[in-house]
Amino acid sequence: MPDLREPIRIAAADLCDVVRGVRADQLAEPTPCESYDVRGLLNHLLYWGPALLAAARKSEVPARSCDEESAALATGDWAQRLVKQTEELADALGEPSAWEGVTSMGAGDLPARMVGEMVLCEFVLHGWDLARATGGRLRRADETGPSAELVMRGMAEQGRSMRVFGEEVPVPASAPPLHRALGLSGRSPDWAA
């Protein structure tokens, strides 16, 4: 598996650009991630970010006062908080030690590399979800798409078995790598609200 640190850094910058462009009147818009509207997807990213950051740093996962469905994190200065969290997570995963050995997100050990792979997919796939829902754009998807596709090829089946991803959407082999990654995750690259 290639080094994913640079694709993560690029995907984080793309996600932050999309987040900065989300308007308050778009928070109830649907997204390609069927379980979430825009507010719900932002809440998801804000909810899981601290656990991913702790796992990348191999530190204690912060205690949570509620589950994701009960959390209301996409309020107030949510965009500034999400940008900061995304940049911190990309910086943490820029350290070689973040990829070594095992770590935890609070429920048992997992390979540290898996955390980096999950973060890449969170940034790329959910960045695309938000961009499609709000009229934004992932400006450097041609640079992150190949890595996202490679990671998705390794984790898609497990993700489907855990109901994290939907059934694979057929995408032509000639499609861009990002589109193939989206198809593996159960998203249609042609999705429109």
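For the structure itself, look to the data block above.
So, a few notes on the structure that sits alongside this text. Since we're looking at a predicted model, the values are computed, not measured.

**Describing the overall build of the protein**
For the protein, the count of helices and strands is six helices and two strands. Each helix and strand of the protein, placed in order from N terminus to C terminus, yields the pattern α-α-α-β-β-α-α-α. Since a compact globule built from 193 residues should have a radius of gyration of about 16 Å, the 16 Å found for the protein is in line with a globular shape. With respect to the three principal axes, the spread of C-alpha positions in the protein is 40 × 40 × 30 Å. Sorting the 193 residues of the protein into buried and exposed places 50% on the buried side. Nonlocal contacts in the protein, meaning residues at least 24 apart in sequence, comprise 71% of its contacts between residues at least 6 apart. Carbon together with sulfur atoms contributes 51% to the accessible area of the protein, which is approximately 9,700 Å² in total. Each charge class in the protein was averaged separately, 20 positive and 29 negative side chains, and the resulting centres sit 3 Å apart.

**Some points on the pattern of salt bridges**
Here the structure, examined in full by the defined rule, presents 14 salt bridges. Notably, a salt bridge pairs Lys84 with Glu88, separated by 2.8 Å at the nearest N-O pair. Within this pair, Lys84 and its partner Glu88 are both found in helix 3 (residues 78–93), separated by four residues, close to a single helical turn. In this structure Glu88 comes out as partly exposed when scored by relative accessible area, which is 26%. Glu157 serves as the salt-bridge partner of Arg160, at 3.1 Å between the closest nitrogen and oxygen. Separated by three residues within a single helix, Arg160 and Glu157 lie in helix 5 (residues 141–161), roughly one turn from each other. Relative accessible area serves as the criterion here: at 12%, Arg160 is assigned to the buried category. Members of the salt-bridge network, linked through shared partners, are Asp17, Arg20 and Glu87.

Calculation rules
- Residues numbered from 1 in each chain as written.
- Predicted model: local features only at pLDDT ≥ 70, side-chain atom pairs only at ≥ 80, totals over all residues.
- Heavy atoms only, no water.
- Helix = DSSP H or I, 4+ residues; strand = E, 2+ residues; numbered from the N terminus.
- Rg over C-alpha atoms; globule rule 2.2 N^0.38 Å.
- Buried < 20%, exposed > 50% of the residue type's maximum accessible area, 1.4 Å probe, protein only.
- Contact = heavy atoms within 4.5 Å.
- Areas by Shrake-Rupley, 256 points an atom, 1.4 Å probe, with all protein chains shown as cover.
- Lys, Arg positive; Asp, Glu negative; His and termini not counted.
- Charge placed at Lys NZ, Arg CZ, Asp CG, Glu CD.
- Salt bridge = Lys/Arg side-chain N within 4 Å of Asp/Glu carboxyl O.

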